[in-house]
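Residues per chain, in single letters:
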There are 2 protein chains.
Amino acid sequence: MAQAGTRNWTRRRTAKRERLEAVRPFTSGRVLDPGRVPEALQALLRPGDRVALEGDNQKQADFLAAALAGCDPDAVHGLHLLISSISLPEHLDVFERGVARRLDFAYAGPQSVRMAQLLADGKVEVGAIHTYVELYARMFVDLIPNVALLCAEQADREGNLYTGPSTEDTPTIAEAAAFSDGVTVVQVNELVDKVPRVDIPGDWVDLIVESPRPFAMEPLFTRDPRHIGQVEIVMAMMALRGIYERHAVTTLNHGIGYDTAAIELILPTYGEELGLRGKICKHWTLNPHPTLIPAIESGWVESVHCFGGEPGTERYVAARPDVFFTGGDGSLRSNRVLCQLAGQYAVDMFIGSSLQIDADANSSTVTEGRLTGFGGAPNMGHDARGRRHPSPTWLDLLTGEAPVVRGRKLVVQITQTFRAGGTPAFVESLDAIQVGKDAGMPVPPIMIYGDDVTHVVTEEGVAYLYKAAGPAERREAVAAIAGATPVGRHIDQRRVDALRRDGLVALPEDLRVDVRRAKRSLLAARSVEDLVAWSGGLYDPPARFRTW
Amino acid sequence: MAQAGTRNWTRRRTAKRERLEAVRPFTSGRVLDPGRVPEALQALLRPGDRVALEGDNQKQADFLAAALAGCDPDAVHGLHLLISSISLPEHLDVFERGVARRLDFAYAGPQSVRMAQLLADGKVEVGAIHTYVELYARMFVDLIPNVALLCAEQADREGNLYTGPSTEDTPTIAEAAAFSDGVTVVQVNELVDKVPRVDIPGDWVDLIVESPRPFAMEPLFTRDPRHIGQVEIVMAMMALRGIYERHAVTTLNHGIGYDTAAIELILPTYGEELGLRGKICKHWTLNPHPTLIPAIESGWVESVHCFGGEPGTERYVAARPDVFFTGGDGSLRSNRVLCQLAGQYAVDMFIGSSLQIDADANSSTVTEGRLTGFGGAPNMGHDARGRRHPSPTWLDLLTGEAPVVRGRKLVVQITQTFRAGGTPAFVESLDAIQVGKDAGMPVPPIMIYGDDVTHVVTEEGVAYLYKAAGPAERREAVAAIAGATPVGRHIDQRRVDALRRDGLVALPEDLRVDVRRAKRSLLAARSVEDLVAWSGGLYDPPARFRTW
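Numbering of residues begins from 1 in every chain and follows the order in which that chain's sequence is written. To label them, take the chains in the order written and letter them from A, then take the ligands in the order written and number them from 1. Whole-chain, interface and lining totals are the exception, using all residues; otherwise, since this is a predicted model, local features are given only for residues with pLDDT of at least 70 and side-chain atom pairs are given and counted only at 80 or more. Heavy atoms from the whole structure form the basis of all side-chain values; hydrogens and water molecules are not counted.

Labelled according to an unreviewed UniProt entry, chain A appears under the name Malonate decarboxylase subunit alpha, originating from Planotetraspora thailandica.

Here you go:
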């Protein structure tokens, strides 16, 4: 009956031993010679390997990426690259040079034009485009990595890693590789005798190398209040009254952008005036947004859990440990998977800016024919049907027919009706549809599905889509706030009035929002310098944001 | 403008220092005197504290739970307990004695009768009932713990923890507490000089105590093949042909129970005969089910990622590292949050047994008027609307109207039409509805929502609910396979034939399943002894399963 004993069950373990043996000429203990990393990678890797390269939303294992791109394609080829974010030229050099062939990823913003070219040239085969946590989930199922190339601030000689504030995705990728007899290689900014705290235990780490330069990291979540104008402010006022106050939103996530930055900046002014402090916006899942500093300093914010860090906020965060998750060393501990889990299941509202919305409220950040991918929004921007615990906010959107009723997550899209340059944000067909077709994708790359969206905010008003009786009424509610765009221009004024009466649409006056007050003076901070002042000098903005 | 400096931002850190100072009389370094744990907890805890007590689906911090229950309610009272699974009498003693008052949890199976009594007596206030990952998610948002009481196999004197195969939920709870200036206390089976691998770094751990007895852990996932009969086998055959083979399911999760155990046990026989090896069931997210051993040994299974361990499977798992996630020490590394993430986003099918299903295919494991909670199923048993990567299986259930189409997760419920004792599994109203009403729950405690269910399997046949044009047709398809139950007995035979023609229902003959072959001889293992033989003697079943 049983066939036990006839098969080799330790192939991966044996391969790992052989790989580590092959790199021994380039190491001393766990430490790799930085000058010999390309050779070491060539010795370590085997054609066809599945390689998880840490290219997160923020931090980048750039030294290892460059070394990988520099491998001899005769020795290393046909790799299958798993990477969150295609952000650096080296990420695509790897394909152009034939070192890698297959790609599974989540986001390709800055490199999306070149990627389209490589796709067209047949230099890269895309497995799928994921939201971040899906890609990590698959590393434990059908995309288990053979090798992980990671990045951290410091390591000791036993391989214990200190990530500092940008823990981000490192523990998750390390876990996938370390416990499947994969090889983990980590570039660190500094090799030290003792790390200030252990973010990842040394016995999960096989090889470490001191990078000649600190790893690259972009201040993705920093928005200069100088660029926030009256339109963003009026939208923020309407969102605050029409959504945050109305549904008593205490737990939330804010996406990146000036629209949500404006909301953060009117909490200590307009929000305070409305008496909302302590009633809304208490628990957050988001990166340390500098524009949240005034609200934190004014006592609005009880807690913030972060996906990753943000350059310049290190000292500020370290000085606010009652609010931010910090370690024994005093600095931020972030964790993308746990923050995404929190953003999906523990917060009642997701609000994000959209670049394009169609008549059914489907939205996408794909524009101008480029395949950018998904990032993190789809995981938070949907009604989490696995949720079972109620909250007053969630119950406020009660849905379904008795006896099976349930609450609903608030998924809010916010945008001006026209983007810069007069391009309509509301369109008859999303660019994403065509991009998906052109790229041969089996389903179109929609970022947020219309039937998951509960509210849309524009400078015209708020649409309460969750109240719509069906798709037709939902389309009318979208049209009512879509202004002079192709989606909005045909709706009849009497129909708009009826929707207002029925509570499906609210204009500023319906929300008692005085648009004349939508001035920059309503912003708690009007410049980065103001943010620094609010922080008591603890916020250190990156050079590009310093104008004084 | 700025109010920086006027507020104390380090209250939690200060409180932690004071708490640790207060327990110093009972410690030597990080090590607590086991004889003085109740006193130490009394010194550590403050009235109203939020305490995360590790009571997982499997392992139990039972020594600390007993110490907590033994605290003097004059000194420690009004605690808010966060616990996955109310499994031990001590978990409720804590409330009966007034030490704790508020409770947020996920599952209360064995203690559900007593819990109902405590609720009725006003001794416990339930915040909410969650699915596991929701409860953890909230530990990073609005339920941040002040103290975490955890459990591991071993610790060294620096607090580095070795969990062995049952890592389960410990890293997640530890992370929530350790990085929010909470205090982490860990009971370990053994204090050692050096742990065989580090599952949780020592600097996340404040206090460790050697428990007089190893922590309790139940073999929840062990099913004796002796109890699998012809009905389970015929259902397994239909599931295999009508679902696994038809949709080419390669990535999946199996719930607990004899129904899915039967499927596992006919893979090497019936599945082999159908030529399905290598085509289905390659990548799994589930605990080390002993009934999966024959399929693993026969080469069906490429990988298994586990929520937790299973007593008796330790040596077997350690000998199969190509299949299971294992550490440098050779033993399993499990992780509930990551496995739930994988189960939600990376696998194409969830299949689980249900105790009750209503006419709309809503299902629940609540029966006999008891509030048991949710456990892990809701997270995996729903269509993950945040998913964006396609797979052939997911695309096979394409849904929606062009241009916005998407695939769908297979959510399968399997049950006989009548349970033991002649109780119908298909009912007009779920017991859960009444239980929810009686307990004053704002929404009824449905385990899996009918509109998320894609297939239902009974001994009568398979219903393909995802093909139904609407709720009415879905009800007909459910009725067609619900046999002589109140849900099934009124459907007309001609209607059933029409549903078969339209592909909404398949009977055994439609699937070319010869029910005469549904005999125990089709099981690859017919006893626990057989499983041991399949494992080459590596599986060590717990005493209660040893009958030889």
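Another point: the interface of chain A and chain B. In this analysis, two residues are considered to be in contact whenever any of their non-hydrogen atoms come within 4.5 Å of each other. Taken together, the contacts link 106 residues of chain A with 106 residues of chain B. By buried area we mean how much accessible surface two parts lose on assembly, using a 1.4 Å probe and totalling the loss over both. Both faces considered, chain A and chain B share a buried interface measuring about 8,500 Å² in area, 62% of it formed by carbon and sulfur atoms. Salt-bridge detection follows one rule: a side-chain nitrogen of Lys or Arg within 4 Å of a carboxyl oxygen of Asp or Glu. Across the chain A-chain B interface, the total number found is eight salt bridges. The residue Arg385(A) makes a salt bridge to Asp451(B) at a minimum N-O spacing of 2.7 Å.

Let us now look at the sheet that holds strand 18 (residues 363-364) of chain B. All names here are of chain B. Strand order in the open sheet made by the three strands is 18-17-20, with mixed pairing throughout. Two strands in the sheet have a free side with no partner beyond their single neighbour: strand 18 and strand 20 (426-427). Relative to strand 20, strand 17 (residues 356-358) runs parallel, the two being bridged by two bridges. From the neighbouring strand, Asp-358 faces strand 20, where its bridge partner is Val-427. Strands are treated as partners if at least two bridges between them are detected by DSSP. For helices the rule is a DSSP run of H or I covering at least 4 residues; for strands it is a run of E covering at least 2, with both sets numbered from the N terminus onward.

Side chains bearing opposite charge may pair, as long as their charged atoms lie close to each other. According to the stated counting rule, one finds 72 salt bridges over all chains in the structure shown. Measuring nitrogen to oxygen at the nearest pair gives 3.0 Å for the salt bridge that ties Glu175(A) to Arg333(B). Of this pair, Glu175(A) sits in helix 7 (residues 170-178) while Arg333(B) sits in the loop between helix 11 (314-318) and helix 12 (336-345), each in a different chain. The exposure classification of Glu175(A) matches that of Arg333(B), with both residues buried. One salt-bridge network, in which partners are shared between bridges, spans Glu175(A), Arg197(B), Asp199(B), Asp329(B) and Arg333(B). Working definition: with a 1.4 Å probe on protein chains only, accessible area under 20% of the residue-type maximum means buried, over 50% means exposed, and in between means partly exposed.

A separate point is the domain arrangement of chain A. All names here are of chain A. Note: domain ranges come from an automatic or database domain assignment. The domain boundaries assigned to chain A delineate domain 1 (22-217) and domain 2 (225-532). Placing the centre of domain 1 and that of domain 2 at their C-alpha centroids yields a distance of 33 Å. Taken together, the contact between domain 1 and domain 2 spans 29 residues of the former and 28 residues of the latter. Buried area between domain 1 and domain 2, both sides added, is near 2,300 Å², and the carbon and sulfur share of it is 57%. Counting across the domain 1 and domain 2 interface gives four salt bridges. We define a polar contact as two N or O atoms separated by no more than 3.5 Å, with the added condition that, inside protein, one atom must be a possible hydrogen donor and the other a possible acceptor, whereas residues neighbouring each other in sequence contribute only through side-chain atom pairs. Here domain 1 and domain 2 share 18 residue pairs in polar contact (both at pLDDT 80 or more) between them. Of all the elements in the fold, those that place two or more residues in the side of domain 1 that touches domain 2 are strand 6 (100-107), helix 5 (112-120), helix 6 (132-138) and helix 7.

Looking now at the packing of helix 2 (residues 37-44) of chain B against helix 3 (residues 62-69) of chain B. Residue and element names in this part refer to chain B. Taken N-terminus to C-terminus, the directions of helix 2 and helix 3 make an angle of 70 degrees; their axes are 9 Å apart at the nearest point. The angle between the axes of helix 2 and helix 3 places the two elements in the roughly perpendicular class. Of the two elements, helix 2 crosses helix 3, and the hand of that crossing is right-handed. Taken together, the residues of helix 3 that come into contact with helix 2 (itself represented by Val-37, Pro-38 and Leu-41) are Phe-63, Leu-64, Ala-67 and Leu-68. Any residue outside Ala, Val, Leu, Ile, Met, Phe, Trp, Tyr, Cys, Pro, Asp, Glu, Lys and Arg is labelled polar, Gly included; the first ten of those are nonpolar and the last four are charged. The residue inventory of the contact of helix 2 with helix 3, partitioned by class, reads seven nonpolar, no polar and no charged. Each axis is a line fitted through C-alpha atoms, and for a helix only the stretch in contact is used; angles between axes span 0 to 180 degrees, taken between their N-to-C directions. An angle below 35 degrees is read as roughly parallel, one above 145 as roughly antiparallel, one from 65 to 115 as roughly perpendicular, and any other as oblique. Helix crossings get a hand from a simple test, with the near helix turned counterclockwise from the far one by less than a right angle marking a left-handed crossing and a clockwise turn marking a right-handed one.

A few words on helix 15 (residues 431-438) of chain B. Residue and element names in this part refer to chain B. Those residues of helix 15 that sit buried are Ala-432, Ile-433, Val-435 and Gly-436. Each buried residue of helix 15 sits inside an arc of 170 degrees when the element is viewed along its axis, so together they form one side. Facing away from the buried side of helix 15 by over 90 degrees, the exposed positions are Lys-437 and Asp-438. Considering only its buried residues, helix 15 is in contact with strand 18. Directly after helix 15, the chain includes Gly-440, whose backbone phi takes a positive value near 70 degrees. This arc describes the spread of directions from the helix axis toward the C-beta atoms.

What follows covers the pairing of strand 8 (residues 147-155) of chain A. Residue and element names in this part refer to chain A. Most of strand 8 sits inside the fold, with eight of its nine residues counted as buried. The pairing of strand 3 (residues 50-53) with strand 8 spans three bridges and is classified as parallel. By the bridge assignment for strand 8, Leu-53 is matched with Leu-149. Bridge count between strand 8 and strand 10 (residues 183-191): eight bridges; the pairing is parallel. Paired with Gln-154 across the strands is Glu-190, a residue of strand 10. By the bridge criterion, two bridges tie strand 8 to strand 9 (residues 161-162) in an arrangement that is antiparallel. Opposite Gln-154, over in strand 9, you have Tyr-162 as the bridge partner. Count of turn residues in the strand 8/strand 9 antiparallel hairpin: five residues, of which Gly-159 carries a positive phi of about 90 degrees.

Next up on the list: the sheet that holds strand 18 (residues 363-364) of chain A. Residue and element names in this part refer to chain A. As summarised here, the arrangement of the three strands in space is 18-17-20, forming an open sheet in which the pairing is mixed. The sheet is open, and its two edges are formed by strand 18 and strand 20 (426-427), each paired on a single side. Pairing of strand 17 (residues 356-358) with strand 18 involves two bridges; the strand directions are antiparallel. Along strand 18, the bridge assignment pairs Gln-356 with Ser-364.

Relative to the elements of secondary structure, Val323(B) occurs in the loop between helix 11 and helix 12. You can call Val323(B) buried: its relative accessible area is 2%. Linking Val323(B) and His305(B), residues 18 residues apart in sequence, is a C-alpha distance of 8.5 Å. Non-local contacts of Val323(B), meaning those with residues more than four positions away in its chain, are made with Arg7(A), Trp9(A), Ile296(B), Val301(B), Glu302(B), Ser303(B) and Val304(B).

Moving on to the packing of aromatic side chains. Here is the rule: rings of Phe, Tyr and Trp (six-membered ring for Trp) pair when centre to centre is within 6.5 Å. Planes less than 30 degrees apart are stacked, more than 60 are edge-to-face, and the remainder are tilted. Under the defined criterion, the tally for this structure stands at eight aromatic pairs over all chains. Taken together, a centroid distance of 5.0 Å and an interplanar angle of 80 degrees make the contact between Phe179(A) and Trp204(A) edge-to-face. With a gap of 25 residues between them, Phe179(A) in the loop between helix 7 and strand 10 and Trp204(A) in the loop between strand 10 and strand 11 (207-210) connect regions that are remote in the sequence. Here the two residues Phe179(A) and Trp204(A) agree in accessibility, since each one is buried. In our convention, an over-ring charge means Lys NZ or Arg CZ found within 6 Å of a ring centre and within 35 degrees of that ring's normal. Over the ring of Tyr132(B) we find Arg336(B); its NZ or CZ atom is 5.1 Å from the centre of that ring. If you follow Arg406(B) out to its NZ or CZ, it ends over the ring of Tyr449(A), 3.8 Å from the centre.

Right, let's talk about the side chain of Asn287(B) for a bit. All names here are of chain B. With respect to the element layout, Asn-287 can be found in the loop between strand 14 (283-285) and helix 10 (293-297). For Asn-287, a relative accessible area of 1% corresponds to the buried category. Polar contacts involving the side chain of Asn-287 include one to the main-chain carbonyl oxygen of Gly-309, which spans 3.1 Å. If we ignore the near neighbours within four places in the chain, the residues touching Asn-287 are Gln-58, Phe-221, Cys-306, Phe-307, Gly-308 and Gly-309.

The subject of this paragraph is the relation of the copies chain A and chain B. Superposition of the copies was done by least squares, using only C-alpha atoms of residues whose pLDDT is at least 70 in both. For the pair chain A and chain B, the best superposition has an RMSD of 0.0 Å and corresponds to a rotation of 180 degrees with a translation of 0.0 Å parallel to the axis. Within this description, the copies of the chain are treated as partners about a two-fold rotation axis. Identified as the residue of chain A closest to the rotation axis by C-alpha distance is Pro201(A), at 3.0 Å. Looking at the interface residues of chain A, 100% of them are also at the interface in chain B, so both copies use one shared face.

Residue and element names in this part refer to chain A. Take Lys-16: it is sitting in helix 1 (residues 11-23). According to the relative accessible area criterion, Lys-16 is buried, its value standing at 14%. Contacts of Lys-16, omitting those with residues within four sequence positions, involve Asp-181, Gly-182, Val-183 and Asp-206.

Turning to the pairing of strand 5 (residues 79-85) of chain A, a few remarks are in order. All names here are of chain A. Buried residues dominate strand 5, accounting for seven of its seven residues. In the sheet, strand 3 pairs with strand 5 via three bridges, with the strands oriented parallel. Note that in strand 5 the partner of Ala-52 across the bridge is Leu-82. As paired elements, strand 5 and strand 6 share six bridges and run parallel to each other. For Leu-82, the partnering residue across the bridge sits in strand 6 and is Asp-104.

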